[in-house]
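# Architecture at a glance
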Amino acid sequence: MQRNARLLALLFVLPAPLGSQSNAARMANDAYTRSHDYDLIHQRIELRNFDWDSTSLDGRVTTTLVALRPGLDSVILDAGKRLEVRQVVGANVVRFAAHGDTLVVYPAHPVAFHDTLRFTIEYHARLDNGRGLTFITPQGREHRPQQIWSQGEDHDNHLWFPTYDFPNDKMSWELAATVPAEYSVVSNGRLVTDRKNPGGTHTVTWRQDRPSATYLVSLVVAPLVKFADAWRGVPVDYFVYRADSARARRLFGVTPDMIDVYSRLTGLKYPWDKYAQTTVADFFGGMENVSATTLVDWLPDDRAYLDRPWYQWILIPHELAHQWFGDYTTTENWANMWLNEGFAEFMPGQYWGAKLGRHAEDDYYLDEYRQYRQIDARRRMPLAALGSNNIYPKGALVLRMLQRYLGPERFWVAINVYLRRHAFDNATTDDLRQAVLAATGENLDWFWDEWLYQAGHPQFTVTAAYDTATRTLTLTVKQTQIDSTKADSTGLRYTTPAVFRMPVTVRVATAAGDREGSDVVKRVDLTAREQTIEVASLAGAPTMVVFDDGNTILKDLTFDQPTTWLATAVRRDPDLWNRQWVIEQLAQRTADTAAAAALAWAATRSDYFLTRAAACEGLGHFPAAVAQETLVAALQDTAAQVRRAAVTALGQLPGASARAAELARATFRSDPSYEVRAAALVALFHADSTQATRDSAIAWGLASPSYRDVIEESAYRIIAQSGDTAAIPMVEARLGGGRFPAHVLAALASRGSAHALDVLAAHLDDARAYVRRWVVEAFRFTLAHPLATERLKAVADKLKYADTKKDVGQALQQLTKPGSEDE
Ligand SMILES: [Zn+2]
C-alpha cells in the first residue's frame, strides 16, 4: 500500500495482555499471529445486483477448507455484520449463526483432522460505503465515472464477503461479478470467462490459481478501457477511464521494464498470471492486490513529467514490488508489516539505480531519509513492532543499510533464499535473518536487535584534531542518542540502543594528493559510546574528512568542520547524502564568503540536479549581493527542480525584491514546468507583497490549470499566508472545485477571521456531499483544534445531513482524544 501525503495510521487491538515481554520477545514468540483451526483452501466468490443508491449487492461464496484438528465441529469465519446471511448449504452443514462480525458454520458431523469441508453461503449485503467496498457516483463532477472498488488491507475484505480475514492463511480463489454491459470488471489472476447475459448484463470471472492472502482479493467495477502490454508473454494491462486514454501508455509503459529488473534482482521471475493496474476515483494512493493493483486516477499529463511525478517515481514501482514482497511472501501478522512495506519502499530505489545510476538511487533514499526523520521525531518506534509508524521509510533505509553491509551479491542471494523459502507463504522478521544466515553464514542477530527490534538511530558527534608533527588525524566519535521513550499501557517500552555497533569508513583527502585515488580510507568497527579513530601517516594536513564514506549508516551527524573541508567535499564526494549534509553546514555560514562560493559552485556546476537545487536553497539565506547572480543563472537550469529552488530562494533573498519580483513574474509566464510556475507565484508574493501584486498573483494562479492543481494551490497558499479576508467570497465560490478552498477558509479562520469560520461552518450543510466532507476535513486537519472543537460542538446537533453528523461526530472524537495534537 502506498499513500500520498498522509501516512498509514494503524489501529489494532491486542488480543491479550502480554505482560512485560520486550518487543523482541513478543516478535520472536509470534505474539501477534492469530490462531484458527482450519486451513482455507479455496473460495468462489459470486457477486451480482450491485446497487449504488443503497450500496448493496447479493453474494454467494463457496468455501473449501481443511480441518486442522480432529473433530472440527464449528467453523468460525469473519463476516461483516452487514452481510445478511440467507442460507448456508453443503453436504455436511446443519446450521449457521451470525454474531457481530463473525459467522459460525456448524457441520452435521464433526470433520476429521485433515478432512475437507465445503459449503456455500448466500447473503445480501447493505454495505457501509467506504468500508471494504467503495461505491462512487459522479455527483455531477468531472472525471468521475460511476464505479466500485474494494480495499481489503488490513482486515476489511470480510465486510463484503465471508472469509478468514488475517494474512496467515493463503488460498486460491475465483471471483465472478455480474454487472451492466458498459462496466468492466477487474480482479485477480487470469480472466476465465466474460459472458453476456440476457437483460444487458455480463458476468466476468477471474481466477487466482496460486495461493495468496485474503486481504489481497480485489474487485473493481467501472467503465474502463484496457491498454494491453506484456512482459515475456505475461499480460501487463492498464485499465483507465476513456478520458485518460492518451495518458495511459506514457505513465504505465515503464511497467514491463520494472518487472524485468525486479525479476532479475530477486532472481525470481514475476510469479503471477498477469499484472493489471487499474485507476479508480477517491483512492488514497495504491494497493497491491495480487496481480491486480488498484491505483488513484491521477494520471500525469505530458508536462507533468518535467516535475518527476510521484506516481511514476514511487507509486508504480512500490506497488509492483509488493507482488514479490507482500503478495508472494506475506507478513505473517501485522506486527511484521515492515516486511511488506519496507521492501516495497526499498525496491523503487533499486529500480531507478539500475536504470539511471548511482545518483538517482541516492536521490530516492535521501527522500526516504527525510521522511524517516520527521516520523521519528514525532514518535520513536522500532521497525518490527505492532503498529509501527515508520515501516515505509525506515524499512527502505534499513534494507539499504543491510545491502551496503552485505554487498549486493550476498544481499540479493539472501533475498532470493527468503522469497523461495516462503513462496506463497508467510514470513516473520526473523525468517529474513535466517535467510541471510543461510545465504551468507553470517548471524546478524546484532543488526536485527539494533535496527529491527529496537528503535532510533545513532546520533554521532565527531570532533577532529590534526597533529602536524606526526601527520595524524584523530577523530573522537561519540554516540549521543538517548533512550527516553516511556512504556505504553501494556507495559511495553521501546528501547534505543546506547551503542549502535557498525563498521564505518572514514575518508581523508590531503593537499598533497588532491585526487580521489590518493585519499586515505580507513574502516573501523564502532563498538563503544565513545571511541577514537586515528588516521596516521597522512601526506599533509587534511583538506576533506568524510565520516561514513558512502553513507552506509542511518544516522544524525554533528561534525564541525572548516569551510575549506566542506568546500572540497561538495565538489569531490560522489555521495548525494554526504553532499546534502555538507550543503546544510555551508548554508548556516551566511557571513562566510568561502561558504557562499562553495554553494555557488554547487548550484551551477554540480553533476546532479538535486545537489544544485539544495545549493540554491542554501543560498536563499545569504545576502543578495553574494547569492543573487548565482540564483539568476540557476533559473536557466535544465532541471525543473533547480529552477524551482532558485526562484523560491530569490523570493526570500533579503534585499533584492524588485529584481526578484520581476524574475518571478517572468518565470511564471514562461517556464514549462507546473511546479516551477507554482513556486514562482509564491516567490512573487514574497518579493512584492503589495495588494496589487498579490491580487494579480492570486488571479493568475486560480486561472492556471495544472497537474494536481499545484499552481492553484499556490494561489490558495498566498491567500492563507497573507490572511487576505477580502478573498473569502472568491474562495467560497470555489468550494466545489477541490479540497483546497475549504482548507484555506480554515487557515484564515485560524488566523483570526471569524467570518471565514462562519462561512466554513455554513458549508457543513452544503447540498453537495463531497463539499461537506472536505469542510469536515478542513475542520479536522487545518483549523486550530480549540476553534474546531468549539464550533463543531456548537453545530453538531443542528446539522442537516446524517452523513455529515456522523463525520462531525468522528472528527470531534479525534480532536478531543489525548495526543491528537501530534498527528
Ligand atoms: Zn505498500
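Up top you'll find the structure we're talking about.
Residues numbered from 1 in each chain as written. Predicted model: local features only at pLDDT ≥ 70, side-chain atom pairs only at ≥ 80, totals over all residues. Heavy atoms only, no water.

Let us now look at the layout of surface pockets. There is about 370 Å³ of room inside the second largest pocket. Of all the secondary structure elements, the ones that give two or more residues to the lining of the second largest pocket are α6 (358-378), β29 (556-559) and α12 (576-587). Per-element accounting of the lining of the second largest pocket gives the leading share, six residues, to α12. Classifying every residue of the lining of the second largest pocket gives seven nonpolar, five polar and five charged. (1 Å grid on protein atoms, 1.4 Å probe; cavity = no way out; pocket = protein on both sides within 12 Å on 5 of 7 lines; lining within 4 Å. Points joined across faces, edges and corners; volume = space filled by probe spheres on them. Helix = DSSP H or I, 4+ residues; strand = E, 2+ residues; numbered from the N terminus. Nonpolar A, V, L, I, M, F, W, Y, C, P; charged D, E, K, R; others polar.)

Glancing now at the sheet that holds strand β2 (residues 38-51). Pairing within the open sheet is mixed, and its seven strands lie in the order β5-β8-β3-β2-β11-β14-β13. At either margin of the open sheet sits one strand with a lone partner, and together these are β5 (83-89) and β13 (190-197). Within this sheet the neighbouring strands show an average axis-to-axis angle of 15 degrees, counted without direction. Pairing between β13 and strand β14 (residues 201-213): seven bridges, direction antiparallel. In the sheet register, Arg190 faces β14, and the bridge partner there is Arg207. (Pairing = 2+ DSSP bridges. Axes fitted to C-alpha atoms, helices over the stretch in contact; angles between N-to-C directions.)

Taken N-terminus to C-terminus, the directions of helix α8 (residues 408-421) and helix α9 (residues 429-440) make an angle of 125 degrees; their axes are 8 Å apart at the nearest point. One finds that α8 runs oblique with respect to α9. Crossing hand, α8 versus α9: right-handed. Two secondary-structure elements touch here, α8 through Arg410, Val413, Ala414, Ile415, Val417, Tyr418 and Arg421 and α9 through Asp431, Leu432, Gln434, Ala435, Val436, Ala438, Ala439 and Thr440. (Parallel < 35°, antiparallel > 145°, perpendicular 65-115°, else oblique. Left-handed = near helix turned anticlockwise from the far one by under 90°. Contact = heavy atoms within 4.5 Å.)

Moving on: the coordination of the zinc ion. Only Met1 (N), Met1 (O), His318 (NE2), His322 (NE2) and Glu341 (OE) from the protein coordinate the zinc ion, and they sit 2.0 to 2.1 Å from it. Each donor residue of the zinc ion belongs to the same chain, with the gaps between them written as M-x316-H-x3-H-x18-E. With a gap of 19 residues between them, His322 in helix α4 (residues 310-322) and Glu341 in helix α5 (residues 338-356) connect regions that are remote in the sequence. For His322, a relative accessible area of 0% translates into the label buried. Of the residues examined, Glu341 reaches a relative accessible area of 0% and is grouped as buried. (Donors = N, O, S within 2.8 Å, 3.2 Å for Na, K, Ca; no water. Buried < 20%, exposed > 50% of the residue type's maximum accessible area, 1.4 Å probe, protein only.)

Core analysis: the biggest nonpolar cluster contains 274 residues, and Phe447 and Phe547 have the highest contact counts within it. It is helix α18 (residues 674-687) that contributes the most residues to this core, nine residues altogether. In this view, Phe547 contacts Phe460, Val462, Val477, Val504, Thr505, Val506, Leu526, Ile533, Lys555, Leu557 and Phe559; residues no more than four positions away in its chain are not counted. (Core = buried A, V, L, I, M, F, W, Y, C linked by side-chain atoms within 4.5 Å.)

This part takes up the pairing of strand β17 (residues 234-240). Regular strands place side chains that alternate from one sheet face to the opposite one. With six of seven residues buried, β17 lies mostly within the body of the structure. Of the strand pairs in this sheet, strand β16 (residues 225-231) and β17 are connected by seven bridges, and their pairing is antiparallel. Note that in β17 the partner of Lys226 across the bridge is Phe239. Linkage of β16 to β17, two consecutive antiparallel strands, is achieved through a turn of two residues, within which Arg232 is found at a positive phi near 45 degrees.

Here we come to the packing of aromatic side chains. If you walk through the whole model with that rule in mind, you get 39 aromatic pairs. With centroids separated by 6.4 Å and ring planes inclined at 75 degrees, the aromatic side chains of Trp272 and Tyr328 adopt a geometry described as edge-to-face. Here Trp272, found in the loop between α3 (255-266) and β18 (275-280), pairs with Tyr328, found in the loop between α4 and β21 (329-331); they are 56 residues apart in sequence, far enough to count as distant. Take Trp272 and Tyr328: they sit in the same class, and that class is buried. Taking 4.7 Å as the distance between ring centres and 40 degrees as the angle between the ring planes, the aromatic pair formed by Trp451 and Phe500 counts as tilted. Residue Trp451 is located in helix α10 (residues 445-453), and its partner Phe500 is located in the loop between β24 (472-479) and β25 (502-510); the two are separated by 49 residues in the primary sequence. Taken as a pair, Trp451 and Phe500 share a single burial class, namely buried. One aromatic cluster is present, formed by Trp313, Phe346, Tyr351, Trp352, Tyr364, Tyr365, Phe411 and Trp412 through successive ring pairs. (Phe/Tyr/Trp six-rings, centres within 6.5 Å; stacked < 30°, edge-to-face > 60°.)

Let us now look at the side chain of Asn390. Inspection of the secondary structure puts Asn390 in the loop between α6 and α7 (393-406). Using a relative accessible area of 0% as the deciding quantity, one classes Asn390 as buried. Apart from residues no more than four positions distant in its own chain, Asn390 is found in contact with Tyr372, Ile375, Asp376, Leu383 and Gly395.

Of note, the amide linkage connecting Glu153 to Asp154 takes the cis form, showing an omega dihedral of 0 degrees. Checked against the element boundaries, Asp154 lands in the loop between β10 (147-150) and β11 (170-180). Residue Asn49 is not a glycine yet carries a positive backbone phi of 55 degrees. Within the element layout of this structure, Asn49 appears in strand β2. For Asn49, a relative accessible area of 49% translates into the label partly exposed. You will see that His143, though not glycine, has its phi angle at about 55 degrees, which is positive. Given a relative accessible area of 36%, His143 falls into the partly exposed group.

When two helices pack together, their arrangement is captured by the angle between the axes and the distance separating the axes. Orientation of α6 relative to α12, taken along the N-to-C sense of each, is 55 degrees, at an axis distance of 8 Å. Considering the angle they form, α6 stands oblique to α12. Contacts between α6 and α12 pair His359, Asp362, Asp363, Tyr365, Leu366, Tyr369 and Arg370 from the former with Leu576, Trp577, Arg579 and Gln580 from the latter. Per-class residue counts for the contact of α6 with α12 are five nonpolar, two polar and four charged.

Time to look at empty space enclosed by the protein. Scanning the model with the defined rule gives three cavities of 30 Å³ or more in all. Put simply, the largest cavity is a space of about 80 Å³. In terms of lining residues, the largest cavity is bounded by Val545, Val546, Phe547, Leu557, Gln561, Leu566, Ala569, Asp573, Asn578, Trp581 and Val582. Looking at the lining of the largest cavity, the elements with two or more residues in it are β28 (542-547), α11 (563-572) and α12. Of the residues in the lining of the largest cavity, the class split is eight nonpolar, two polar and one charged. Space inside the second largest cavity adds up to approximately 50 Å³. Lining the second largest cavity are Leu397, Arg400, Met401, Thr552, Ile553, Leu554 and Trp577. The dominant element in the lining of the second largest cavity, judged by the number of residues it contributes, is α7, at three residues. Across the lining of the second largest cavity, the residue classes tally to five nonpolar, one polar and one charged.

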